[in-house]
Each structure stands twice: as C-alpha cells, then as structure tokens.
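Geometric and topological summary
Here is what each chain is made of, one letter per residue.
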Amino acid sequence: VCDFNYVFDPRVYLRRFFDASDGRDRLIVDEAHNLAERAQGYFSPELELARLDSLAERCGALPERAYQRAGDLLREVSAHCRDIALRLAEERPDDAPWVEAPARGFWEPIEEAACASLLETQSQAASESRRPDALAPVREGRDRRLRDPLRSALALVREFAHGCESDDPARFAALWSLDRAKRLCLDPAPWLGQRIRSFHSAVLMSATLAPLDFHALSLGVDSPGTVRLDLPSPFPRAN
C-alpha cells in the first residue's frame, strides 16, 4: 500500500481495511528510512492563527447558532495561543518559536468542545440544501480534494488539544509564535511500533537503513522478535 499515510497517518489511514483486520495481513514498507520523519509530521498538528481568526469571523456573521458557537471556539483558541506568544516574546531573548508546555486546565475542555462542535456543525450542514458561501469547500495546500474549511479547522483544534494535558515532554514539545502554534512530535516510535505490531508480520526495507539498530529504535521495532538483515547490493558495481 502506498503512500505511508494510508497505513500510519491517524487521520486518513484506511480504516475499512485495518480496523477490521483479521490479523493475517502482511505489511511491506519500502523506503523505510523516510517513515520516522513522515510519521513525525502526522503527529505534529499546527494551528495557523490567522486562519482560525478568519473562520471565526465568517462563522460569527452567520445566523445559525452552530456556526456562531464554532466561531467562538476558534476565536478562544486563537486568542489563547496569541496571548502565550505575546508573553513569551516579552520574557524570552531568543526569536520565535518559543518552547513552553501547554497551559494546564485549558486544553481538555477545548478538546471536548471541538468534538461537540464537529457534531453540531455536521448536523447543521446536513440540514442545509446549500452550504453558506463563507464556508464553501476549498482545497488546502497540496491536497487537491475539496474540504470543508470549518470541519478541517475544528478537527485540527481537537487534534492539537488531544494529549496537551498529559504529553510526555520527552516525546512532544509545544512551540509558540505570534502567527502559529505547534505540538511537535519528537519521537513517533511508540505509535509506529504499535501500528506495525497490529499486522501479522512486517518487512521494512530500504537501501539506506544503516545503522540497523538505530532505525529499528526510531521505527519502534527494536524488540527481540525483530530480525535484522543486511544484504549486499545485487547490482554490478559499475552501475
């Protein structure tokens, strides 16, 4: 299966295959030396504050209470992140982004509110014959698919908030600047290992998996059951 995200990205992996797996699937990962870095991105949600502000303003201009409440939530999150960045800008001599643990007590209710708002706005959208122009689906970044901007933003807020109260500082760092906030995953190995172990067996291969012990550790498969095999190139040296 290609690309990596169809197996390892918690947001877009192929649930219809892997959540209902009977435990007999074999996984083959090619170019496995890239997997840890890619997975780090999967678990590093980033909030663009200008985007949250823009959506909050558009939601606030709509008459539906579901959209207004969603806008209030996005505005609250953006203001909180910006306040942290403004304080750190005054306290820290170095340039942004600044590292500081998330504020205790703020993010857990935000995660719950984002989950509730996702359900409420989805119900509202289902009752509409036509989406408001302010919330029309758009293409985001390199993704050519049309996506609901409000649903995407609320899901990102939920993902950012998830774990903020209990993240291990050895595995995550919260980065703050005046225009964005990011939860940076420092070590995706536990989640990669868990996903790989959900298969009957897995082969992770690449021409650049040296040293093997390091890559086994970074991919979460440094266990006695892992077989490490280093093979010479089958191609003529002249090539």
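In this report, the structure presented in the accompanying data block is examined.

The next point concerns the pairing of strand β7 (residues 180-185). Side chains A181, R183 and C185 project from β7 onto a buried face, and the interleaved R180, K182 and L184 project onto a face without burial. Bridge count for strand β2 (residues 46-48) against β7 is 3 bridges, and the pairing is antiparallel. Its bridge partner lying in β7, E48 is registered against R180. Here 5 bridges tie strand β6 (residues 172-176) to β7, and the two strands are oriented antiparallel to one another.

Take the environment of N239 next. Here N239 shows up in the segment after α9 (212-218). It is 20 Å that separates the C-alpha atoms of N239 and E31, two residues lying 208 residues apart in sequence.

Before going further, it helps to examine the pattern of salt bridges. Taken as a whole and assessed by the stated rule, the structure comprises 16 salt bridges. A salt bridge links D148 to R131; the nearest nitrogen and oxygen atoms lie 2.6 Å apart. Taken together, the positions of D148 in the loop between β5 (146-147) and α7 (149-161) and R131 in the loop between α6 (107-126) and β4 (138-139) put the pair 17 residues apart, joining distant regions of the chain. Judged by relative accessible area, which is 18%, R131 ranks as buried. Where salt bridges share partners, they join R87, E91, R92 and E100 into one cluster.

Turning our attention to the packing of helix α4 (residues 49-60) against helix α5 (residues 65-91). At a minimum axis distance of 8 Å, the contact between α4 and α5 shows a crossing angle of 150°. One element, α4, and the other, α5, form an angle in the roughly antiparallel class. Where α4 crosses over α5, the two elements pack in a sense that is left-handed. Contacts between α4 and α5 involve L49, A50, L52, D53, L55, A56, E57, C59 and G60 from the first element and Y67, Q68, G71, L74, R75, V77, S78, C81 and R82 from the second. For the contact of α4 with α5, a count of residues per class yields 10 nonpolar, 4 polar and 4 charged.

With that settled, the discussion passes to the packing of aromatic side chains. The tally for this structure, following the rule as stated, stands at 5 aromatic pairs. Here F106 and W107 contribute two aromatic rings whose centre-to-centre distance is 4.9 Å and whose plane-to-plane angle is 85°, an arrangement assigned as edge-to-face. Accessibility assignment for this pair places F106 and W107 in one class, buried. Plain terms: the ring middles of F160 and W176 are 6.2 Å apart, the flat faces sit at 70° to each other, and that makes the pair edge-to-face. Of this pair, F160 sits in helix α7 while W176 is found in strand β6, placing the two residues 16 residues apart along the sequence. A single burial state applies to F160 and to W176, both of which are buried. Members of the aromatic cluster, connected to one another through ring pairs, are F106, W107, F160 and W176. Over the aromatic face of F172 sits the side chain of R183, whose NZ or CZ is 4.7 Å from the ring centroid.

If you trace the 4 strands from one edge of the open sheet to the other, you get β2-β7-β6-β3, paired in antiparallel fashion. Single-partner strands in this sheet number two, and they are β2 and β3 (98-99). Its contacts with the sheet put α4 on β2 and β7, and the angle it makes with β2 is roughly 55°.

Time to look at the packing of α6 against α7. Packing of α6 against α7 brings their axes to within 8 Å, and their N-to-C directions diverge by 155°. By the angle between their axes, α6 is roughly antiparallel relative to α7. The two elements α6 and α7 meet at a crossing, and its hand is left-handed. Where α6 abuts α7, its residues W107, I110, E111, A114, C115, S117, L118, T121 and Q122 lie against L150, R151, L154, A155, V157, R158, F160 and A161. Here the residues of the contact of α6 with α7 are counted per class, giving 11 nonpolar, 3 polar and 3 charged.

Calculation notes
- Residues numbered from 1 in each chain as written.
- Predicted model: local features only at pLDDT ≥ 70, side-chain atom pairs only at ≥ 80, totals over all residues.
- Heavy atoms only, no water.
- Buried < 20%, exposed > 50% of the residue type's maximum accessible area, 1.4 Å probe, protein only.
- Helix = DSSP H or I, 4+ residues; strand = E, 2+ residues; numbered from the N terminus.
- Pairing = 2+ DSSP bridges.
- Salt bridge = Lys/Arg side-chain N within 4 Å of Asp/Glu carboxyl O.
- Axes fitted to C-alpha atoms, helices over the stretch in contact; angles between N-to-C directions.
- Parallel < 35°, antiparallel > 145°, perpendicular 65-115°, else oblique.
- Left-handed = near helix turned anticlockwise from the far one by under 90°.
- Contact = heavy atoms within 4.5 Å.
- Nonpolar A, V, L, I, M, F, W, Y, C, P; charged D, E, K, R; others polar.
- Phe/Tyr/Trp six-rings, centres within 6.5 Å; stacked < 30°, edge-to-face > 60°.
- Lys NZ or Arg CZ within 6 Å of the ring centre and 35° of its normal.

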